Amino acid sequence: MKPGRHPRHVISKWKKNKALLANKKLRPFLPEMRKFSRANLFNMLKKHKMVYVKPVNGSFGKGVMRVELKPAASAAPYRYQLETKARSFKTFDELYASIQQHKRKGDYLVQQGIHLLTYQNRTFDLRVMVQKTPQKVWKTTGYIGRLAHPKKIVTNYHSDGTLMPVEKLFSPHMKGPKIKAYCTDLQDLGEDVANHLHKVFPGIREIGADIAVDQKLRPWILEVNTSPDPYIFRKLKDKNIFRTVIRYSRANGKVQHK
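Residues numbered from 1 in each chain as written. Predicted model: local features only at pLDDT ≥ 70, side-chain atom pairs only at ≥ 80, totals over all residues. Heavy atoms only, no water.

Participant: It is not clear to me how empty space enclosed by the protein should be interpreted in this structure. Could you clarify?
Facilitator: Rolling a probe over the atoms, with the probe sized like a water molecule, indicates the empty space that remains. Here the structure, examined in full by the defined rule, presents 1 cavity of 30 Å³ or more. In this model, the largest cavity occupies a volume close to 70 Å³. Contributing to the lining of the largest cavity are Lys13, Lys16, Asn17, Leu20, Leu30, Met33, Ile221, Leu222, Glu223 and Val224. Of all the secondary structure elements, the ones that give two or more residues to the lining of the largest cavity are α1 (13-21) and β12 (219-225). (1 Å grid on protein atoms, 1.4 Å probe; cavity = no way out; pocket = protein on both sides within 12 Å on 5 of 7 lines; lining within 4 Å. Points joined across faces, edges and corners; volume = space filled by probe spheres on them. Helix = DSSP H or I, 4+ residues; strand = E, 2+ residues; numbered from the N terminus.)

Structure, rendered in structure tokens:
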């Protein structure tokens, strides 16, 4: 890297989470996160009963495991799922040994699990796109829902998730005016995230904030992508959103003119 140049993309989930934790306003929206170790997994599982074990530098939901402790299931209370395969164990030691065997190379982290809202019995989360405008202002240009495949634990489109309008996914949980107000709050949250991360990583030009909404309608920032895919917004009926997103992506050098 040349002197004075800042990276456009920050891969490490750990670095981005650490940066967000420094902001008092954003801290309440962050699930607890620790570096993966035997002790951290044991303690987080005991505390939260459900956690996600994920690669620090992974993308597209690859290598992500959902790990659960269900004391009521006394025969095999420890369980984890990777892609469509679920495994159960009598002891924590057996669970840990299996996770070690099946996780990918590289560092992992343990993140507090959030019990997501569902739509037709499938979990979903949201991608909020925030981009730097030519006027150097951070602006939320789009948001879209990601509905998990019925047999998978991740919502990513690249892992067979389904892209849908946020309003439709929210419709079983809140009424029209509340949905509109909630989406405005999501836009504001996305811009707060972008403005703060830009102070720490001045090279970034756009972010995709992955937001989970729990069953009490509380939003949680699961992770932030600094190289978000603009083309997912083509799936929305409102084509103006995609046109805006792609225009700013081109202005920021993310995609080439075609």
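Participant: In this structure, what is going on with helix α2 (residues 38-48)? I would like to understand it.
Facilitator: If you check which residues of α2 are buried, you get Leu41, Met44, Leu45 and His48. Projected down its long axis, α2 carries its buried residues within an arc of 100 degrees, all on one side. Summarising the geometry of α2, the exposed residues directed more than 90 degrees from the buried face are Lys46 and Lys47. The inward-facing, buried residues of α2 abut β1 (33-35), β2 (50-55), β3 (65-69), β4 (78-82), α3 (92-102) and β6 (108-112). Where α2 terminates, the next one or two residues include Lys49, which has phi positive at roughly 70 degrees. (Buried < 20%, exposed > 50% of the residue type's maximum accessible area, 1.4 Å probe, protein only. Arc of directions from axis to C-beta. Contact = heavy atoms within 4.5 Å.)

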